[in-house]
Amino acid sequence: MAAGHVSMMLDVLITQLPPSVLRGALRTVISRDATAKDIFVSHVRQLLQTSPPPLVRADELFPKNDSTPSPALIEYCASTRCLFSSHLVRESIPYLTHLISSIMEATAHWKPCSKLESVLERASHDVIQSMQATKESESNPDNDLQNLLSNLLSSISECSAYCTTNSHPFPFARAQLQVADAISLLFPSVPLKLRCLGGSLEVNIKETGCKVETTMLGSLAVPRLFNGLWQMSSPAWGTAAGDKVDAALIELVEAGLVASDMADHYGDAELLYGSFRNRLPPAASAGFHWQDYTNKDYLPILALLVKLTETRPDLVSTVGLCNFDSETTKEVAEYLLANLGRVGIVSNQVQRLGQVCLKYGLKLLTYGSFCGGFLSDRWLNMPAPDVYSESNTLTPSQRKYFDMINSWGSWSDFQSLLTTLRSIADRHQVDISNVSTRWVLQRPEVGVVIVGSRLGLSSNAEANLRVFTFELSEDDLHQIDEAALGQRAEALFTALGDCGSEYRW
């Protein structure tokens, strides 16, 4: 058989499969063969370069007096996503500019919470993703790129004025911040003022009926639940306008959940949270991540950051590590002790790490405590999901943690764990997720649990706060340890490696 030949029977199968099933099969193949991903992306990129999608006329994208999304608009947005998702990032920018300019040219109209507004908010997230990829991939920005970005920002500003004039909700506020940030980063000599999403904020801490536990990170007293903003890295969890994100953050802060975890690759999370925080009193703790441990520059850099907490606490009050493995955490602590006379760092954000942190007085900021949502009542007595089937609408986190469940044990083993957690939850009149979080919080090395937050889309603040209404007994802890740890935990550690190994190559 010649290389690349597709048999007639296989061709029949491909052509007859429903598109959703075919997409699920493709995701499965790519997840199991790293070379398949490169072949697939390269092939799509070559097709798009050979036959670029057309710039559809404004009146086709936005037909007159029609506030529902047109088929042409849906297809155009999909084509644009294919461009930046296949690493044709610069090529996608004129398409985004054309889309936004077409709103004014066609005098498009929409109402709050309409289907068209939802499509435009999703387009705003397309701009965010494209700009994030631009910031990460453009090592030699040139005049052509500067012009592309300036035109995009101008079209967004014109759209803002258009929305104000016509009393329309402005769907591109988040995109505007992201484009302005990309220009400031890549072309720092360009005079450009970054702005917040809105005016001043009023926040009133409410009595919730339960006292939020706190822990000390250096000089900062922080709640033992952090709001995790990883979900803002992708529209796979949904998208929300900036004002809805502000409202969600206000709700969390008023409930006493005043600390959030984010990183520069979480889409526009840092920009949005920065916009929110700039309208509140300042406080900051820096988390430090390092990709290549063979480059030891992280040691003197961390020493300088620790010194900065003394000389400029207004900039950084505490320093923590992010996804450092056990040996490197120990190396950092010993280096700081030898050079500064103190460890200085206060935390390490990890999934698993204990004895080293206890030895040097560090506190773990843990994530994955809900296992992507699998550690919940929703999955009790449920069959194992087909993680790449579109009918299941699983999130990227759930696909990731389903693999971890399979490395830890079988789905039957996991159901036994959920049954154990449910019986303990019944005794305390809480949810399974509360019990799993409480188990992590009661480990001596743990300071904080980071809980994923889908800002502006859904809120679990009230349910999550119930973790502070009870404590697990010694018998509870023993039951969970028996179901969750032992040989299965060792197998998981062997499969994944030490902390942070999954993020390194």
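Residues numbered from 1 in each chain as written. Predicted model: local features only at pLDDT ≥ 70, side-chain atom pairs only at ≥ 80, totals over all residues. Heavy atoms only, no water.

Participant: Just to check I follow, could you spell out the overall build of the protein chain for this structure?
Facilitator: Helix and strand counts for the protein chain come out as 20 helices and nine strands. Its C-alpha atoms give the protein chain a radius of gyration of 25 Å, within 12% of the compact-globule value 23 Å for 505 residues. The dimensions of the protein chain, computed from C-alpha atoms along their principal axes, are 65 × 65 × 50 Å. By residue count, 48% of the 505 residues in the protein chain fall in the buried class. Summed over all atoms, the accessible surface of the protein chain reaches about 25200 Å², with 55% contributed by carbon and sulfur. Measuring between centres, the 41 positive side-chain charges of the protein chain sit 2 Å from its 55 negative side-chain charges. (Helix = DSSP H or I, 4+ residues; strand = E, 2+ residues; numbered from the N terminus. Rg over C-alpha atoms; globule rule 2.2 N^0.38 Å. Buried < 20%, exposed > 50% of the residue type's maximum accessible area, 1.4 Å probe, protein only. Areas by Shrake-Rupley, 256 points an atom, 1.4 Å probe, with all protein chains shown as cover. Lys, Arg positive; Asp, Glu negative; His and termini not counted. Charge placed at Lys NZ, Arg CZ, Asp CG, Glu CD.)

Participant: Would you mind showing me how to read the pattern of salt bridges here?
Facilitator: Working definition: two side chains of opposite charge can pair if their charged atoms are close together. All chains considered together, the criterion is met by 18 salt bridges. Arg90 serves as the salt-bridge partner of Glu138, at 3.0 Å between the closest nitrogen and oxygen. Of this pair, Glu138 sits in the loop between helix 7 (115-137) and helix 8 (143-165) while Arg90 sits in helix 6 (residues 89-105), placing them 48 residues apart in sequence. Look at Glu138 and you get buried, because its relative accessible area is 17%. By relative accessible area, which is 23% here, Arg90 ends up partly exposed. Of the charged contacts, one joins Arg427 and Asp476 as a salt bridge, the two residues approaching to 2.6 Å between their closest N and O atoms. On the criterion of sequence distance, the pair formed by Arg427 in helix 16 (residues 411-428) and Asp476 in helix 19 (residues 474-484) is long-range, its members being 49 residues apart. Taken together, the shared-partner salt bridges connect Arg57, Asp59 and Glu60 into one network. (Salt bridge = Lys/Arg side-chain N within 4 Å of Asp/Glu carboxyl O.)

Participant: I keep staring at the pairing of strand 2 (residues 220-223) and nothing clicks. Help me out?
Facilitator: Looking along a regular strand, one sees side chains alternate from face to face of the sheet. When strand 1 (residues 214-217) meets strand 2, the two strands line up antiparallel, connected through four bridges. Bridge pairing in strand 2 places Thr214 opposite Pro223. Between strand 1 and strand 2, which pair antiparallel in sequence order, lie two residues; one of them, Gly218, sits at a positive phi of approximately 65°. (Pairing = 2+ DSSP bridges.)

Participant: Looking at this structure, I do not really get a nonpolar patch on the surface. What am I missing?
Facilitator: A cluster of nonpolar side chains, namely Leu10, Leu13, Ile14 and Leu22, defines an oily patch on the protein surface of about 310 Å² accessible area. Among the elements that take part in the nonpolar patch, helix 1 (residues 8-16) stands out by supplying three residues, more than any other. (Patch = residues over 30% accessible without salt bridge, like charges linked within 9 Å, V, L, I, M, F, W, Y side chains within 5 Å.)

Participant: Just checking my understanding: could you explain empty space enclosed by the protein for this structure?
Facilitator: To locate leftover empty space, one rolls a probe as large as a water molecule over the atoms. Inspection of every chain in the model, using the stated rule, returns two cavities of 30 Å³ or more. Space inside the largest cavity adds up to approximately 90 Å³. What lines the largest cavity is a set of 13 residues, among which Gln231, Met232, Gly238, Leu455 and Leu457 lie closest to the centre. When the residues that make up the lining of the largest cavity are grouped by side-chain class, the tally is five nonpolar, six polar and two charged. Size it by volume and the second largest cavity reaches roughly 40 Å³. Taken together, Glu121, Ser124, His125, Ile128, Pro171, Arg174, Thr239, Ala240 and Ala241 make up the full set of residues lining the second largest cavity. (1 Å grid on protein atoms, 1.4 Å probe; cavity = no way out; pocket = protein on both sides within 12 Å on 5 of 7 lines; lining within 4 Å. Points joined across faces, edges and corners; volume = space filled by probe spheres on them. Nonpolar A, V, L, I, M, F, W, Y, C, P; charged D, E, K, R; others polar.)

Participant: So what exactly am I meant to see when it comes to the nonpolar core here?
Facilitator: Generally speaking, nonpolar side chains in soluble globular proteins are found buried as a group. Core analysis: the biggest nonpolar cluster contains 96 residues, and Val332, Ile345, Phe374, Phe414 and Val435 have the highest contact counts within it. For this core, the element with the highest residue contribution is helix 16, accounting for seven residues. The contact partners of Val435, leaving out residues within four places of it in the chain, are Leu421, Ile424, Ala425, Val430, Phe470, Leu472 and Ile480. Listed in part, the 43 residues of the second largest apolar core include Tyr76, Met131, Leu152 and Ala173. (Core = buried A, V, L, I, M, F, W, Y, C linked by side-chain atoms within 4.5 Å. Contact = heavy atoms within 4.5 Å.)

Participant: How should I be thinking about the side chain of Thr437 in this particular structure?
Facilitator: Here Thr437 is to be found in helix 17 (residues 432-441). On the accessibility criterion, Thr437 (2% relative accessible area) is buried. With near-sequence residues (within four places) excluded, Thr437 lies in contact with Leu225, Phe370, Val449 and Val467.

Participant: What exactly am I supposed to notice about the side chain of Arg422 here?
Facilitator: Counting through the fold element by element, Arg422 comes out in helix 16. Engagement of the side chain of Arg422 in a polar contact is seen with the side chain of Asp377, the distance being 2.4 Å. The residues contacting Arg422, other than those within four sequence positions of it, are Asp377, Leu380, Val430, Asp431 and Ile432. (Polar contact = N/O pair within 3.5 Å; in protein donor to acceptor, adjacent residues only side chain to side chain.)

Participant: Before we go on, may I ask you to explain the packing of helix 6 against helix 7 in this structure?
Facilitator: The description of two packed helices rests on the angle between their axes and on the distance between the axes. Here helix 6 crosses helix 7 at 150°, and the two axes come no closer than 10 Å. On the basis of their axis angle, the class for helix 6 and helix 7 is roughly antiparallel. Between helix 6 and helix 7 lies a crossing of left-handed hand. Contacts from Val89, Ser92, Ile93, Leu96, Leu99, Ile100 and Ile103 of helix 6 reach helix 7 at Leu120, Ala123, Asp126, Val127, Ser130, Met131, Ala133 and Thr134. (Axes fitted to C-alpha atoms, helices over the stretch in contact; angles between N-to-C directions. Parallel < 35°, antiparallel > 145°, perpendicular 65-115°, else oblique. Left-handed = near helix turned anticlockwise from the far one by under 90°.)

Participant: What is the right way to read the state of the cysteines from this model?
Facilitator: If you walk through the whole model with that rule in mind, you get zero disulfides. This cysteine, Cys159, is not joined by any disulfide, and Cys163 carries the nearest cysteine sulfur, 4.1 Å off. (Disulfide = S-S within 2.5 Å.)

Participant: What am I meant to see in helix 8 here?
Facilitator: In this model, helix 8 (23 residues) spans 33 Å end to end at C-alpha, consistent with the 33 Å of a helix rising 1.5 Å per residue. For helix 8, the capping residue at the N-terminal end is Asp142, with a side-chain oxygen 3.3 Å from the backbone nitrogen of Asp144. (Expected span 1.5 Å × (residues − 1).)

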